[in-house]
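# Descriptive analysis of the structure
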Amino acid sequence: MGKRILCYGDSNTWGFVPSRGFEGKPYAERYPSDVRWPGALQRLLGGGYTVIEEGLNGRTTVWDDPVKPYRNGLRYFEACVESHAPLDLIVIMLGTNDLKTHINGSAYVSAEGVGKLAQRALQSQCGREGAAPQLLLVSPILITEEVEQAPFGGEFREVSEACRQSGLLAGCLQAKAAGLGCAFLDAARYAQAAADGVHLDEKGHAALAQAVKQKVEELV
């Protein structure tokens, strides 16, 4: 059996298309599987790996969104990792949706939420022979001021503060990863938000996949 990697994230793992978003439609458009960064990662790693994509639009770390059900990442996490066991590596990239004004809005608290997920992973038996898998915490790309013009911009009502907290999140998550003994990657070093201020475009997905590939090869 080859190495198995679970990518657990939000709309940037799901593959939300920023340029065509919700324009006049009741649904989001999605990049093809080979464009989304987990699919691109699969292609880069080759046949010795299985990359499992678990993205959900609006997913938070540990928070219930009062207007969007089933977005609490912690509630689904344990069932998810057990269903995909055995896993050699879990990649968690969450935090952007925590910074919405009506949910949390704090980089520090968002990092604490990621830490709760990380602790569940490290205490699990979903790795090889009942051990815990390796864990990579990825800080999301930065929110930019353009989010104010996006169809969902109202969710980031205090745009300047959301952008500021987004910039603080990498440092908070890096400290959390160090404390837990997990690997860390700052996605904002490799990719930027497209025109809607939140989501990756095709170039961003490719760049993130390349960065994660290098970490995967170090870890597993």
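Quick note: structure is the one above.
Here's a quick rundown of the structure. Remember, predicted model here, so these are calculated numbers, not experimental data.

Let's shift gears to the side chain of Glu-155. On the secondary structure map, Glu-155 appears in the loop between strand 4 (134-139) and helix 5 (159-180). In terms of polar contacts, Glu-155 uses its side chain to reach the side chain of Lys-68, at 3.3 Å.

Another aspect to go through is the layout of surface pockets. Considering only enclosed or pocket space, the largest pocket measures out at about 220 Å³ in volume. If you trace the largest pocket, you find 17 residues lining it, with Ser-11, Asn-57, Gly-58, Lys-68 and Lys-100 closest to the centre. Counted by class, the lining of the largest pocket contains 5 nonpolar, 7 polar and 5 charged residues.

Right, let's talk about the nonpolar core for a bit. With 26 residues, the main nonpolar core has Phe-77, Ile-90, Ile-92, Leu-135 and Leu-137 as its most contacted residues. When contributions to this core are tallied by element, the ones reaching two or more residues are strand 1 (3-9), helix 3 (73-83), strand 3 (89-93), helix 4 (107-122), strand 4 and helix 5. When residues of this core are assigned to their parent elements, the largest contribution, 6 residues, is made by helix 4. Excluding its chain neighbours within four sequence positions, the residues that come into contact with Phe-77 are Tyr-8, Ile-90, Ile-92, Leu-117, Arg-120 and Ala-121. Within the second largest apolar cluster, 25 residues are counted, among which are Trp-37, Val-138, Val-212 and Val-216.

What follows deals with helix 5. Over its 22 residues, helix 5 extends 31 Å from the first C-alpha to the last, a length consistent with the 32 Å expected when each residue adds 1.5 Å. Maximum bend of helix 5: about 30 degrees, positioned at Leu-168. Regarding helix 5, the residues found buried are Val-159, Ala-162, Cys-163, Gln-165, Ser-166, Leu-169, Ala-170, Leu-173, Lys-176 and Ala-177. On its buried face, helix 5 is in contact with helix 4, strand 4 and strand 5 (183-186). At the exit of helix 5 stands Gly-181, carrying a positive phi of roughly 75 degrees.

Direction vectors running N to C along helix 3 and helix 4 enclose 15 degrees, while the axes themselves pass 10 Å from each other. With respect to each other, helix 3 and helix 4 are oriented roughly parallel. Between helix 3 and helix 4 lies a crossing whose hand is right-handed. Contacts between helix 3 and helix 4 involve Gly-73, Leu-74, Phe-77 and Glu-78 from the first element and Lys-116, Leu-117, Arg-120 and Ala-121 from the second. Class assignment of the residues belonging to the contact of helix 3 with helix 4 gives a composition of 4 nonpolar, 1 polar and 3 charged.

The rules behind the values
- Residues numbered from 1 in each chain as written.
- Predicted model: local features only at pLDDT ≥ 70, side-chain atom pairs only at ≥ 80, totals over all residues.
- Heavy atoms only, no water.
- Helix = DSSP H or I, 4+ residues; strand = E, 2+ residues; numbered from the N terminus.
- Polar contact = N/O pair within 3.5 Å; in protein donor to acceptor, adjacent residues only side chain to side chain.
- 1 Å grid on protein atoms, 1.4 Å probe; cavity = no way out; pocket = protein on both sides within 12 Å on 5 of 7 lines; lining within 4 Å.
- Points joined across faces, edges and corners; volume = space filled by probe spheres on them.
- Nonpolar A, V, L, I, M, F, W, Y, C, P; charged D, E, K, R; others polar.
- Core = buried A, V, L, I, M, F, W, Y, C linked by side-chain atoms within 4.5 Å.
- Buried < 20%, exposed > 50% of the residue type's maximum accessible area, 1.4 Å probe, protein only.
- Contact = heavy atoms within 4.5 Å.
- Expected span 1.5 Å × (residues − 1).
- Bend = angle between axes of the 7 residues up to and from the residue.
- Axes fitted to C-alpha atoms, helices over the stretch in contact; angles between N-to-C directions.
- Parallel < 35°, antiparallel > 145°, perpendicular 65-115°, else oblique.
- Left-handed = near helix turned anticlockwise from the far one by under 90°.

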